[in-house]
Amino acid sequence: CQKWVENCRRADLEDKTPDQLNKHYRLCAKHFETSMICRTSPYRTVLRDNAIPTIFDLTSHLNNPHSRHRKRIKELSEDEIRTLKQKKIDETSEQEQKHKETNNSNAQNPSAEVVGDEQDEDILPLTLEEKENKEYLKSLFEILILMGKQNIPLDGHETDEIPEGLFTPDNFQALLECRINSGEEVLRKRFETTAVNTLFCSKTQQKQMLEICESCIREETLREVRDSHFFSIITDDVVDIAGEEHLPVLVRFVDESHNLREEFVGFLPYEADAEILAVKFHTTITEKWGLNMEYCRGQAYIVSSGFSSKMKVVASRLLEKYPQAIYTLCSSCALNMWLAKSVPVVGVSVALGTIEEVCSFFHRSPQLLLELDSIISVLFQNSEERGKELKEICHSQWTGRHDAFEVLVDLLQALVLCLDGINSDTNIRWNNYIAGRAFVLCSAVTDFDFIVTIVVLKNVLSFTRAFGKNLQGQTSDVFFAASSLTAVLHSLNEVMENIEVYHEFWFEEATNLATKLDVQMKLPGKFRRAQQGNLESQLTSESYYKETLSVPTVEHIIQELKDIFSEQHLKALKCLSLVPSVMGQLKFNTSEEHHADMYRSDLPNPDTLSAELHCWRIKWKHRGKDIELPSTIYEALHLPDIKFSPNVYALLKVLCILPVMKVENEHYENGRKHLKAYLRNTLTDQRSSNLALLNINFDIKHDLDLMVDTYIKLYTTKSELPTDNSETVENN
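Residues numbered from 1 in each chain as written. Predicted model: local features only at pLDDT ≥ 70, side-chain atom pairs only at ≥ 80, totals over all residues. Heavy atoms only, no water.

A. Geometry of the packing of aromatic side chains. Applying the stated criterion across every chain yields a total of 15 aromatic pairs. Note on Phe 361 and Phe 362: the rings are 5.3 Å apart at their centroids and 85 degrees apart in plane angle, and the pair reads as edge-to-face. Here the two residues Phe 361 and Phe 362 agree in accessibility, since each one is buried. Each member of the aromatic cluster is reached from another via a ring pair, and the members are Phe 448, Phe 507, Tyr 544 and Tyr 545. (Phe/Tyr/Trp six-rings, centres within 6.5 Å; stacked < 30°, edge-to-face > 60°. Buried < 20%, exposed > 50% of the residue type's maximum accessible area, 1.4 Å probe, protein only.)

B. Spatial organisation of the environment of Leu 652. Following the sequence through the fold, Leu 652 ends up in helix H28 (residues 646–656). The class of Leu 652 is buried, set by a relative accessible area of 0%. For the pair Leu 652 and Val 579, spaced 73 residues apart in the sequence, the C-alpha separation amounts to 8.3 Å. Apart from residues no more than four positions distant in its own chain, Leu 652 is found in contact with Leu 578, Val 579, Ile 633, Ala 636, Leu 637 and Ile 642. (Helix = DSSP H or I, 4+ residues; strand = E, 2+ residues; numbered from the N terminus. Contact = heavy atoms within 4.5 Å.)

C. Geometry of the nonpolar core. If you look at the biggest cluster of nonpolar residues, it comprises 159 residues, and the most contacted ones within it are Phe 362 and Leu 561. Looking at this core element by element, the count peaks at 13 residues for helix H15 (residues 404–423). Ranked by size, the runner-up nonpolar core spans 27 residues in total, among them Leu 176, Ile 212, Cys 213 and Leu 694. (Core = buried A, V, L, I, M, F, W, Y, C linked by side-chain atoms within 4.5 Å.)

D. Summary view of the pairing of strand E3 (residues 231–235). Burial within E3 is extensive, with 5 of its 5 residues counted as buried. Neither face of E3 is left uncovered, since the one carrying Phe 231, Ile 233 and Thr 235 and the one carrying Ser 232 and Ile 234 both have all their residues buried. Strand direction decides the pairing type here: E3 and strand E7 (residues 296–301), joined by 5 bridges, are parallel. If you follow Ser 232 over to E7, its bridge partner there is Gly 298. (Pairing = 2+ DSSP bridges.)

E. Up close: the pattern of salt bridges. The tally for this structure, following the rule as stated, stands at 31 salt bridges. In this structure, Asp 709 and Lys 134 form a salt bridge, with 2.9 Å as the shortest nitrogen-oxygen distance. Highlighted residues: Asp 709 in helix H31 (residues 704–715) and Lys 134 in helix H5 (residues 128–149), separated in sequence by 575 residues. When the shortest N-O distance is used, the salt bridge between Arg 261 and Asp 255 registers 3.5 Å. Taking relative accessible area as the criterion, Arg 261 reaches 11% and is therefore assigned buried. If you follow the salt bridges from partner to partner, you end up with Asp 236, Arg 252, Glu 262, Arg 672 and Lys 676 in one network. (Salt bridge = Lys/Arg side-chain N within 4 Å of Asp/Glu carboxyl O.)

Written out as structure tokens, the structure reads:
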């Protein structure tokens, strides 16, 4: 306060106490630098904790003859202050009388009555009881936000952990008691007036307050999304939240600083019925979260095996309503793994699950990885370079790689020997759980059905590996990848036409690998049992796997590539020639205008697009020798003069948010990273969709006053106290 008074040059305020300054004096937000302002809106400006006013024009009065001899405001005496207070009370009484009359006259006009209520609530002063109630609620919200950001579950000890006859509070109640014992007067006063056998804050009230916390913090992100206009929707893999399946939802948008951001906005309960899921997905985004899907320009879904077909229905339904919400691949997921997860073959789903379990098993401890390293060293003595490469791969999350199936086939012998060694270890270096898991996984990877599946996937997906890798490369790689899709589809169609020949080679590779691992070649037990009574069946193992694995896998991948890389998607990728480095590689002979027609309605000046694109090309074609061509959309958006090309700027923003484009600056991809960290660090039964949002978005500013006001409007009246809804606790 002293620094504020000094900067204001108000000597008459120097003897005032901080409490007097806070209650009776105000300073306009225009006196603060923008860096000192945390958040602003038409109704409230929130300053940073260390904000100091520095913007003052102390010479303007010298040039204004009317202000040179202006008198200072007179200091009021106690009698004058008392008179003003009484006048204020009289005015308040008159306003209350008018308020009653307005309610009577607007009895037949509900909308007018609501507006009147809101206006009067802003005018009427709060009573002492209401002020205390707001301070009490603010303390409760502070505790809940702390628990969310620090990932502290609401519940404490499990019932079976507590000795009989002993009562222990949950984590929320414990933190409340801690703050009371630390001397927080508001909480202490409320605690003293609460009955002994009632919870200080009921479970119902906690749930209500958490929903408000979640909504307010989500709204901070969604406000930025709406300001940006255009966005894309991305869902991650289905997760378990306290025993229920949920879809994590993220949004992509370009913020006011021209940075591409990917933020987590909440969990959506998963529905088994695809059509119901599509309806709820749309309703949540548009009605509950308030996003206008007319501005959605992309959608992508990362899901595990078994869920992809349902999410494809969701994508189709959204495309029917919003044709510009292009269905794309997500940049954070390798194309080959995404295609493998979408294959509707049970054997493929089982194999993918086994691969994930094997990878997770060896990452349980460094000792297990060292054991695998030693086996790899022995097996690859004649190829030390490949052995070293495989060791490095094993220490990473290799199941998400483009070449994951090639890596697995090369590693399979080492994995089998290592798992078998752990299971049969006579030195008892491993506990029973590790040895038991090793036995189960060894049995799974030495199953002939598993071996055939990974060999077929390795060979089929080899045709899409380079294509998929380019999609996750630089902007120029993505642009040229779009042109190579035709060649990829041509190769896969050629494989389909000659599937007998290709499958013969694949099956031979699988049988050789099985022989190397001493695995017996046989049909799945379920199929053998079904064929026991069929004497006419001449089906061999080779023909069985051709019909049930190779043919459906190739057919599905061809169709999936056609669906995901639709005509609109390819047109959008062709617009990447706007990026100057891509222009340079094309010798500045580009035709973006033809492909940009799909975004014409998104442009500020569509009539001048042709001329603007011509100027854009000329600018970079005749640039100075020392000027480098921007190589990414991120660099192009941050050009200091980008706003002089408004149509190009708008196109780059829309292209940037397509889920297939990678986030260039990892700092702005925190939503997904924080989501993974929360799921990794939180037990399934302790997860909460409300607390998760607070934890994942811990860096987002929050407005406690807004949360308190929202709670009072929704759940209390002026005569109610929050503990009216308290729950009774039985004494042990």
